[in-house]
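Next come the chains, spelled out residue by residue.
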Amino acid sequence: MSQNTQPHQQANNLWSSKLAFTLAAAGSAVGLGNIWKFPYITGENGGGAFVLIYLACIFLIGVPVLVAETMIGRKGGQSPVATMRTLTRSEGTSRGWQAIGWNGVIASFLVLSFYAVIGGWALVYIGKAALGLFTGADAEVIGGQFGNLLANPWELLLWHSVFMAIVVFIVSRGIRSGLEKAVNLLMPLLFLLLIAMVFYAMTSGSFGQAVSFMFSPDFSKLTTAGVLTALGHAAFTLSIGIGVLMAYGSYLPKSVNIAKTAMTIAVLDTGVALLAGLAIFPLVFANNLEPGAGPGLIFVTLPLAFGQMSGGALFGTVFFALLLVAAITSAISMLEPVVEWLEEHKGISRVKSAIGGGFAIWFIGIGTVLSFNIWGDVHPLGFISFLEGKTVFDLLDFLVSNLMMPLGGLAIALFAGWAMKREGLASDIGLKGGSFRAFMFVLRFVTPAGIGIVFLYNLV
Ligand code: PFF
C-alpha cells in the first residue's frame, strides 16, 4: 500500500480564503436537513417551543463539536484516518481514538449512498414544477405523483445516477477548481433563491400565521421526544461527527480563526433553516394544509400549495432548484473524506478516486432505490427486535444518523476535551482566557452529556 502522509498544510491546495472555507462548510451544513427535514419536524412538534430548543442544541452541542472537529482536521492536515493516526501519536493518547477517523470515512460513504437518492427526487421535482404538473391538481393526484415516483425503480435509479455524476464531477476537480468554484456559485444562488421564496411567501401566503407558529413558543406542545429530535437534528444539520469537517479542516490555512468561523457557519445554517420555514409555512397555512404532514411536507403538501397559487409553477421550480443546490453542496462534502482517504492511503489520483469512490457509493445507493419499491418488504435485520420492519434505506439511515454520527460527535468532543494536550489548544481554536475556559467546560461536560442522552434515546 503506497502511503502519502504529507499534510495538506504543506501542499499548495488549501482553501484560497476564509470565505471559501466558510461557504464550503456552510454548504455542507445547509442541505436537505434544512429545507426538507427542519420544516417538517418543526411542524410535527408544534412550532415555537421546538424551535427554541433546537437553537439551544445548535449552540451548546453542535457548535463545540464543529469547532473541535475542524481544529482536529487542521492540526492533522490529512484524511480523517491519517489525521487521527498522526494526532494519537503526537498527543500521546490511546490508539483507540483512531476509530474516529474510520468512523468518518465509512459513515460519509454510507450517508451519501442514500442522500443521493433523495437528491435525485429534487431533480425530478424541478421538472414536474417546471412542466406545470401541479397546477390545479388535487391532493390525490399530487400524492399519486410522489407514490408513482417511489414505485418506479428505474426512474429513481436514473436520477440517483445523474445526481451522483454531478457530485463526482465537482469533487474530481479538486478543492480550488472543484469544490470552491461550485460553492462560490451555488451558495449565493441558494441565498438568492431562498430570499425569492420567502418574498413570494410574504406576498402570497399567510405570513403572519407562519411567523407566530414558528416563533411563539407554546411549551405545552413540546414533548420529550421533541426535545430529543431537536438535539439529533442539530448534529445532522451541522454535518458533525462524520469526518466531513475534519476533511474540510485539513485544507484550512493556519491563519483562520476556527471559533469565529464555526459561529458564522452555525448562524448561516440556522438562518437557512428558519428562512426555509418562513418560505414553506405561509403557503401551507394559506391553503389550509397540515403543517405536521411529516416527510411528505415538501413533496406533497407544498406542491399542492404551488398548484393553487398564481405564479406557482415558476416558484415551485425555484423552490426545488433551491433544494437541489442545497443537496449538491452537502453531497460533495460527503464524498471528500472518501476521496481524500483513497488518494492518501491508496495513492490513487484525485480523478480516479472520485470516480471509483463515487461508483461504489452509487452502487450501494441501489439498495436505497429498491427500498422504496421492489425491496419494500425486505427487512434484512428484522430478526433484531428494534430493527424490525426497517428496509435497507431505513437501516442505513438509522446506522449513520442514529449511531455513527452521534458516536462520532461524542468521541470528537471527548478526544478534544479530555485526551488532547491543553497546550496550544486555545490558539488552535482561536479563543482566549475566560471564553476558552467556558468553551472547554461546555465541550467536556455539556456536549457529551447532551449527545449521550440523544444516543441512548435513539437506541431505545
Ligand atoms: N448537514 C446536511 C443537511 O442538513 O442536509 C446533511 C449532512 C451533510 C450530513 C454532510 C452529514 C454530512 F456529512
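One structure accompanies this document, and this report is about it. Keep in mind the model is a prediction, meaning the values are calculated, not measured.

1. Regarding the overall build of the protein
Reasoning step 1: The number of helices and strands found in the protein is 18 helices and zero strands.
Reasoning step 2: Against the globule reference of 23 Å for 460 residues, the protein gives a C-alpha radius of gyration of 21 Å, in line with a compact fold.
Reasoning step 3: Within the span of the protein, comprising 460 residues, buried residues form 59% of the whole.
Reasoning step 4: A separation threshold of at least 6 residues defines the contact pool for the protein, and within that pool the share at least 24 residues apart is 82%.
Reasoning step 5: A total of about 17100 Å² of accessible surface is found on the protein, and carbon and sulfur atoms cover 66% of it.
Reasoning step 6: Counting 23 positive and 20 negative side-chain charges, the protein places the averaged centre of each group 16 Å from the other.

2. Digging into the nonpolar core
Reasoning step 1: Core analysis: the largest hydrophobic core is formed by 166 residues, its most contacted members being Trp15, Ile72, Met197, Phe319 and Phe320.
Reasoning step 2: No other element matches the 19 residues that helix α14 (residues 312–346) contributes to this core.
Reasoning step 3: Setting aside its immediate chain neighbours within four residues, phenylalanine 319 contacts Ile35, Met197, Ile280, Ile298, Leu302 and Phe306.
Reasoning step 4: Core analysis: the next-biggest nonpolar cluster, separate from the first, contains five residues, Leu395, Phe398, Leu403 and Phe455 among them.

3. As for the packing of aromatic side chains
Reasoning step 1: In this structure the tally under the stated criterion is 28 aromatic pairs.
Reasoning step 2: With a centroid separation of 5.4 Å and 80 degrees between ring planes, the pair formed by tryptophan 121 and phenylalanine 299 is classed as edge-to-face. Within this pair, whereas tryptophan 121 is found in helix α5 (residues 99–130), its partner phenylalanine 299 is found in the loop between α12 (258–286) and α13 (301–308), the two being separated by 178 residues in sequence. Each member of the pair, tryptophan 121 as well as phenylalanine 299, carries the same accessibility label: buried.
Reasoning step 3: Where phenylalanine 306 meets phenylalanine 320, the ring centres are 6.5 Å apart and the plane angle is 70 degrees; that geometry is what we call edge-to-face.

4. Let's talk about helix α1 (residues 18–29)
Reasoning step 1: Look at α1: 16 Å from first C-alpha to last across 12 residues, which is about the 16 Å you get at 1.5 Å a residue.
Reasoning step 2: Across the 12 residues that make up α1, a large majority, 10, are buried.
Reasoning step 3: Taken together, the buried positions of α1 are occupied by Ala20, Phe21, Thr22, Leu23, Ala24, Ala25, Ala26, Gly27, Ser28 and Ala29.

5. Description of the pattern of salt bridges
Reasoning step 1: The tally for this structure, following the rule as stated, stands at three salt bridges.
Reasoning step 2: Close ionic contact of glutamate 336 with arginine 350 constitutes a salt bridge, the shortest N to O distance being 2.5 Å. Of this pair, glutamate 336 sits in helix α14 while arginine 350 is found in helix α15 (residues 350–371), placing the two residues 14 residues apart along the sequence. In this structure, glutamate 336 and arginine 350 share a single accessibility class: buried.
Reasoning step 3: The residue arginine 350 makes a salt bridge to glutamate 343 at a minimum N-O spacing of 3.3 Å.
Reasoning step 4: When its relative accessible area of 14% is taken as the criterion, arginine 350 is described as buried.
Reasoning step 5: When salt bridges that share partners are traced, they join Glu336, Glu343 and Arg350 into one network.

6. Let's talk about the side chain of threonine 42
Reasoning step 1: Checked against the element boundaries, threonine 42 lands in helix α2 (residues 32–44).
Reasoning step 2: The residues touching threonine 42, leaving out its near neighbours within four places in the chain, are Gly47, Phe50, Val51, Phe213 and Phe281.

7. Re the site of the ligand
Reasoning step 1: Surveying the vicinity of the ligand reveals 16 residues, the closest of which are Ala29, Gly33, Tyr115, Phe236 and Ile242.
Reasoning step 2: One of the side-chain N or O atoms of tyrosine 115 is found 2.6 Å from an oxygen atom in the ligand.
Reasoning step 3: Between the ligand and phenylalanine 236 there is a distance of 2.9 Å, counted from a nitrogen atom to a backbone nitrogen or oxygen.
Reasoning step 4: When the ligand sits alone it has 340 Å² of accessible area, and the protein chains cover 100% of it.
Reasoning step 5: The pocket occupied by the ligand, as judged from atoms lying within 2 Å of grid points, is the largest cavity.
Reasoning step 6: Elements supplying a minimum of two residues to the shell around the ligand: α1, α2, α10 (224–237) and α14.
Reasoning step 7: When the residues that make up the shell around the ligand are grouped by side-chain class, the tally is eight nonpolar, eight polar and no charged.

What counts and how
- Residues numbered from 1 in each chain as written.
- Predicted model: local features only at pLDDT ≥ 70, side-chain atom pairs only at ≥ 80, totals over all residues.
- Heavy atoms only, no water.
- Helix = DSSP H or I, 4+ residues; strand = E, 2+ residues; numbered from the N terminus.
- Rg over C-alpha atoms; globule rule 2.2 N^0.38 Å.
- Buried < 20%, exposed > 50% of the residue type's maximum accessible area, 1.4 Å probe, protein only.
- Contact = heavy atoms within 4.5 Å.
- Areas by Shrake-Rupley, 256 points an atom, 1.4 Å probe, with all protein chains shown as cover.
- Lys, Arg positive; Asp, Glu negative; His and termini not counted.
- Charge placed at Lys NZ, Arg CZ, Asp CG, Glu CD.
- Core = buried A, V, L, I, M, F, W, Y, C linked by side-chain atoms within 4.5 Å.
- Phe/Tyr/Trp six-rings, centres within 6.5 Å; stacked < 30°, edge-to-face > 60°.
- Expected span 1.5 Å × (residues − 1).
- Salt bridge = Lys/Arg side-chain N within 4 Å of Asp/Glu carboxyl O.
- Near = heavy atom within 4 Å.
- Polar contact = N/O pair within 3.5 Å; in protein donor to acceptor, adjacent residues only side chain to side chain.
- 1 Å grid on protein atoms, 1.4 Å probe; cavity = no way out; pocket = protein on both sides within 12 Å on 5 of 7 lines; lining within 4 Å.
- Sits in = over half its atoms within 2 Å of the grid points.
- Nonpolar A, V, L, I, M, F, W, Y, C, P; charged D, E, K, R; others polar.

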